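# Residue-level structure breakdown
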Amino acid sequence: MRIDIVTIFPDYLAPLELSLVGKARSEGLIEIGVHDLRDAATDRHRSVDDEPYGGGPGMVMSPQPWGDLLDPLVTDSTLLVVPSPSGRRFDQVTAQDWSQREHLVIACGRYEGIDSRVMAHYAQRCEVAEVGIGDYVLAGGEVAALVIVEAVTRLLPGVVGNARSVIEDSFAPGEMEGLVEGPVFTRPPVWRDQAVPEVLLSGNHAEIARWRHEQALARTQRMRPDLVGPDVNAPEAQE
Ligand code: JBH
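Residues numbered from 1 in each chain as written. Predicted model: local features only at pLDDT ≥ 70, side-chain atom pairs only at ≥ 80, totals over all residues. Heavy atoms only, no water.

### Here's the deal with the pattern of salt bridges
Just so we agree on the cut-off: Counted as salt bridges are all cases of a side-chain nitrogen of Lys or Arg within 4 Å of a carboxyl oxygen of Asp or Glu. Secondary structure follows DSSP: runs of H or I at least 4 residues long count as helices, runs of E at least 2 residues long count as strands, and numbering of each begins at the N terminus. Burial status follows relative accessibility: with a 1.4 Å probe on protein chains alone, a residue under 20% of its type maximum counts as buried, one over 50% as exposed, and anything between as partly exposed.
Taken as a whole and assessed by the stated rule, the structure comprises 13 salt bridges. One salt bridge in this structure joins Arg 2 and Glu 31, with 3.2 Å as the shortest N-O distance. Of the two residues, Arg 2 sits in strand 1 (residues 2–7) while Glu 31 sits in strand 2 (residues 31–36), which places them 29 residues apart along the sequence. Residue classification places Arg 2 among the partly exposed positions, given a relative accessible area of 28%. Note on Glu 31: relative accessible area 49%, which makes it partly exposed. Here Asp 115 and Arg 117 are joined by a salt bridge, their closest N and O atoms 2.7 Å apart. According to the relative accessible area criterion, Arg 117 is exposed, its value standing at 54%.

### Concerning helix 2 (residues 63–70)
Convention followed: Residues are treated as being in contact if the distance between any of their heavy atoms lies within 4.5 Å.
All of the buried residues along helix 2 are Pro 65, Trp 66, Gly 67, Leu 69 and Leu 70. Those residues of helix 2 hidden inside the fold are in contact with strand 1, strand 2, strand 4 (60–61), strand 5 (79–89), strand 6 (103–107) and helix 4 (116–122).

### Description of the nonpolar core
Test applied: Here the nonpolar core consists of buried residues drawn from Ala, Val, Leu, Ile, Met, Phe, Trp, Tyr and Cys, with membership extended through side-chain atoms lying within 4.5 Å.
Counting residues in hydrophobic clusters, the biggest one holds 30 residues, and the most contacted among them are Ile 5, Trp 98 and Ile 106. Contributions of two or more residues to this core are made by strand 1, helix 1 (19–26), strand 5, helix 3 (92–98), strand 6, strand 7 (127–132) and helix 5 (142–153). It is helix 5 that provides the largest number of residues to this core, a total of six residues. Once residues within four sequence positions are removed from consideration, Ile 5 is found in contact with Leu 13, Leu 16, Ile 32, Gly 33, Val 34, His 35, Ile 106, Cys 108, Ala 145 and Val 149. Formed by 21 residues, the second largest nonpolar core is a distinct cluster that contains Ala 40, Ala 107, Ile 114 and Met 119.

Rendered as structure tokens:
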């Protein structure tokens, strides 16, 4: 897979040289290109934005630099990803889907966003997906791009050493589908008066699997009630 990222802050994407994504790149499991939008600006100040038509606060990114920079990157098999607070939510199912694509281009907007004609134009030439990563306000698409690249890269074959850790993750389809993971423990068996739950030391794998599922269910109910139905054991649900 190849991912091209377009931004006015190429340095913001330096973390893609580190850790899991950095290793996947150096092993040739993924190719990532980072492009400076200002390289496609035509004036002396390398401007990439202008005032919004119709008035209002902030600035809008001009279509010309986007068009000039994207034209040579985009083919009919590209998925053009535009991180935006008004997009549909990027989730694990989206990450799974995108990990099968051969080419992503991620267009990072700043200010009040990118002139809408850019998305309309490329929608005629390839698939375009506007996605947000959560209900909070960011200053631009770069952090969302980092999130998307990491979520997608770890799903590529050969990237995560232990395939089970991908399969058994929170949100991953399968046994723990729709649940967040419960608590985990490692040595020592007692730390600051707290013992590791007995069952985990029992060696009874069926018992352990059952306990983990119970814990995951309880934690999901408590921390992410939106992911499960109403708690049938809750006092207000009795009688
Ligand atoms: C900004 O404010 C944001 N919330 C969620 N996703 C985003 C993606 C790009 C820019 C946001």
